[in-house]
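In case you want the letters, here they are:
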Amino acid sequence: MSEGLKTITYPVKDLDRAKALFGTLLGVEPYVDQAYYVGFRAPGGPEVGLDPNGHAKGLTGPVPYWHVADIEASLAGLVGAGAEVVQDVQDVGGGTLIASVKDADGNSVGLIQEAP
């Protein structure tokens, strides 16, 4: 089902402060630096994303995004296993698709399907 954990996205209120903190922590500049998302490619680790709209979407903490080959099938499988959809499949640009669910304990789980 999953191709591995490759992205962790944090909801942030102050994008500039968060960008400075994670830039210092990771020792790299962001490869995406937009008002709606800042992304870092961490050496030896997953991508770290900063989402200034995350709190407005109901996110209360980091969301691990598991990369999958078929997001629709993966989402249906998680719902069938008892997850609740938080964000249905959405194209975030260039054909990359994301979705997120909550498990029975309220933990967030994200899915991402890279553009072909």
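Everything that follows concerns the structure shown earlier in this document.
Residues numbered from 1 in each chain as written. Predicted model: local features only at pLDDT ≥ 70, side-chain atom pairs only at ≥ 80, totals over all residues. Heavy atoms only, no water.

Digging into the nonpolar core
- Formed by Val12, Leu15, Ala18, Phe22, Leu26, Val38, Phe40, Ala42, Val48 and Leu50, the largest nonpolar core amounts to ten residues.
- Looking at this core, the elements with two or more residues in it are α1 (15–26), β3 (37–41) and β4 (47–51).
- It is α1 that contributes the most residues to this core, four residues altogether.
- Residues contacting valine 38, with those up to four places away along its chain left out, are Leu15, Lys19, Pro30, Val32, Asp33, Val48, Gly49 and Leu50.
- Formed by eight residues, the second largest nonpolar core is a distinct cluster that contains Val68, Ala83, Val101 and Leu111. (Core = buried A, V, L, I, M, F, W, Y, C linked by side-chain atoms within 4.5 Å. Buried < 20%, exposed > 50% of the residue type's maximum accessible area, 1.4 Å probe, protein only. Helix = DSSP H or I, 4+ residues; strand = E, 2+ residues; numbered from the N terminus. Contact = heavy atoms within 4.5 Å.)

Focus on the sheet that holds strand β8 (residues 108–113)
- Read from one edge of the open sheet, eight strands run β2-β3-β4-β1-β5-β8-β7-β6, paired in mixed fashion. Each of the sheet's edge strands pairs with one partner strand only, and the pair in question is β2 (32–34) and β6 (84–91). The average angle at which neighbouring strand axes cross in this sheet is 20 degrees, direction not considered.
- Sheet analysis places strand β1 (residues 2–11) next to β4, joined by five bridges and oriented parallel. Across the sheet, the residue bridging to threonine 7 is glutamate 47, located in β4. (Pairing = 2+ DSSP bridges. Axes fitted to C-alpha atoms, helices over the stretch in contact; angles between N-to-C directions.)

A closer look at the pattern of salt bridges
- Inspection of every chain in the model, using the stated rule, returns two salt bridges.
- Lysine 19 serves as the salt-bridge partner of aspartate 33, at 3.0 Å between the closest nitrogen and oxygen. One end of the pair, aspartate 33, is in strand β2; the other, lysine 19, is in helix α1, with 14 residues separating them in the sequence. (Salt bridge = Lys/Arg side-chain N within 4 Å of Asp/Glu carboxyl O.)

Thoughts on helix α2 (residues 71–80)
- All buried positions along α2 are accounted for by Ile71, Ser74 and Leu75. Down the axis of α2, the smallest arc covering the buried residues is 100 degrees, so these residues share one side. In this structure, α2 carries Ala76 and Gly80 as exposed residues pointing more than 90 degrees from its buried face.
- Tucked inside the fold, the buried residues of α2 contact β5 (63–68), β6, β7 (97–102) and β8.
- Looking at the residues trailing α2, positive phi occurs at glycine 82, about 110 degrees. (Arc of directions from axis to C-beta.)

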